[in-house]
Amino acid sequence: MTFTFRPLDPLRDAELLHSWVTHPKAAYWMMQDASLVDVERAYMEIAADPHHHALLGLDENGTPVFLMEKYDPAHRELVGLYEPRPGDVGMHFLTPATDTPVHGFTRAVITAVMAHLFDDPATSRVVVEPDLANTAVHALNKAVGFVAEREIQKPEKMALLSFCTREQFLAATGVAA
């Protein structure tokens, strides 16, 4: 599977995003009760934030098939919860619910997301903080080279702080970035 990325347009993409983030499968996204306007506002805030970016992952036909966010953990999400290093980049990703799952799709998505992040030579380490209860994403993270460091208490959840260097990603996936 090959994916490309484009910046998310908060107004143009709000309906699609709303259907993704409010689906029961997206419970860990914590937007279950969000209205369309709530989603527009949340992503307009991200679009205006120099330390947080939202991108859509597109399939070979140019159809949006997943969401990724990258952020600077020295300024967003993890401020005061760990000691950031130069080159750290925070990441979230969401694959939408589907009635016709494709085997290996989510693993292909996280691999593409990580390769995209490491395409930037300034990125030396990717940082994630998924919900402690989200064991499915912990397994995916491990599959692409993440190493869990410790549990942390965020305002909205108990999370598992994990890191992946460029070298760990290459060793886990064979994908040079």
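Data block above holds the structure.
Residues numbered from 1 in each chain as written. Predicted model: local features only at pLDDT ≥ 70, side-chain atom pairs only at ≥ 80, totals over all residues. Heavy atoms only, no water.

### Structural notes on helix α2 (residues 36-48)
Given 3.6 residues to a turn, an α-helix orients residues that are three or four positions apart in the same direction. Formally: The numbering of helices and of strands both runs from the N terminus, where a helix is a DSSP run of H or I of at least 4 residues and a strand a run of E of at least 2. Helix span, expected: 1.5 Å multiplied by one less than the number of residues in the helix. Note on classification: 1.4 Å probe, protein chains only; a residue is buried when its accessible area is under 20% of the maximum for its type, exposed when over 50%, partly exposed between these limits. What the arc covers is the set of directions going from the helix axis to the C-beta atoms. Only heavy atoms enter the contact rule, under which two residues are in contact if any of them lie within 4.5 Å.
With 13 residues, α2 extends 18 Å between its outermost C-alpha atoms, agreeing within 8% with the 18 Å of an ideal straight helix rising 1.5 Å per residue. All of the buried residues in α2 are Val39, Tyr43 and Ile46. All buried residues of α2 fall inside an arc of 45° around its axis, so they share one side. Residues of α2 that are exposed and point over 90 degrees away from its buried face: Arg41, Glu45 and Ala48. For α2, the secondary structure elements touched by its buried residues are α1 (14-21), β2 (52-58) and β3 (64-71).

### Topic: unusual backbone geometry
Even without being a glycine, Glu77 presents a positive backbone phi close to 65°. Along the chain, Glu77 falls in the loop between β3 and β4 (88-94). Using a relative accessible area of 31% as the deciding quantity, one classes Glu77 as partly exposed.

### Here we look at the pairing of β4
Let me state the cut-off plainly: The rule for pairing is simple: two strands pair if DSSP sees at least two bridges between them. When the strands point away from the viewer and the path from the first strand over the helix to the second turns clockwise, the crossover is right-handed.
Buried residues dominate β4, accounting for seven of its seven residues. With burial as the criterion, each face of β4 is covered, one bearing Asp88, Gly90, His92 and Leu94 and the other bearing Val89, Met91 and Phe93. Pairing of β3 with β4, which is carried by five bridges, proceeds in the antiparallel orientation. The residue of β4 that forms the bridge with Met68 is Phe93. Across three bridges, the pairing between β4 and strand β5 (residues 125-128) is parallel. The residue of β5 that forms the bridge with Asp88 is Arg125. As a crossover connection, the stretch from β4 through helix α3 (residues 105-118) into β5 is right-handed.

### Quick notes on the packing of aromatic side chains
What counts is decided by this rule: Only centres within 6.5 Å qualify two rings of Phe, Tyr or Trp (six-membered ring in Trp) as a pair; their planes then separate them into stacked at under 30 degrees, edge-to-face at over 60, and tilted for everything else.
Using the criterion set out here, one finds five aromatic pairs in the structure. With a centroid separation of 5.5 Å and an interplanar angle of 50°, the aromatic rings of Tyr82 and Phe163 are classed as tilted. In this pair, Tyr82 sits in the loop between β3 and β4 while Phe163 sits in strand β7 (residues 158-165), placing the two residues 81 residues apart along the sequence. With respect to class, Tyr82 is no different from Phe163; both count as buried.

### Some remarks on the pattern of salt bridges
For clarity, the cut-off: Salt bridges are defined as contacts in which a side-chain nitrogen from Lys or Arg sits within 4 Å of a carboxyl oxygen from Asp or Glu.
What the rule picks out here adds up to nine salt bridges. For Arg6, the salt bridge is made with Asp13, and the minimal N-O distance between the two is 2.9 Å. Across the pair Lys157 and Glu129 runs a salt bridge whose closest N-O atoms are separated by 3.3 Å. Here the residue Lys157 occupies a position in the loop between β6 (147-153) and β7, and Glu129 occupies one in the loop between β5 and α4 (135-143), the gap between them amounting to 28 residues. Residue class for Glu129 comes out buried when judged on its relative accessible area of 1%. Connected through shared salt-bridge partners, Glu77, Glu129, Lys154, Glu156 and Lys157 make up one network.

### Focus: the nonpolar core
Heads up, the rule is: Side-chain atoms within 4.5 Å link the members of a nonpolar core, which is a set of buried Ala, Val, Leu, Ile, Met, Phe, Trp, Tyr and Cys residues.
Residues Phe3, Met91, Phe93, Val113, Met114 and Phe146 are the most contacted members of the largest nonpolar core, which totals 26 residues. When residues of this core are traced back to their parent elements, those giving at least two are β3, β4, α3, β5 and α4. Setting aside residues up to four positions removed in sequence, Met91 forms contacts with Glu69, Lys70, Tyr71, Ile110, Val113, Met114, Leu117, Val126, Val127, Val128, Glu129 and Phe146. Grouped together as the second largest cluster of nonpolar side chains are 16 residues, Ala26, Trp29, Ile46 and Leu56 included.

### Points about α4
Buried within α4 we find Val137, His138, Leu140 and Asn141. Along the axis of α4, the buried positions cluster into a sector of 165°, meaning they face one direction only. Opposite the packed face of α4, turned more than 90 degrees from it, sit the exposed residues Thr135, Ala136 and Lys142. Among the structural elements, β4, α3, β5 and β7 are those in contact with the buried residues of α4. Downstream of α4 by a residue or two, Gly145 has a phi angle that is positive, lying close to 110°.

This is a description of form; function is not addressed.
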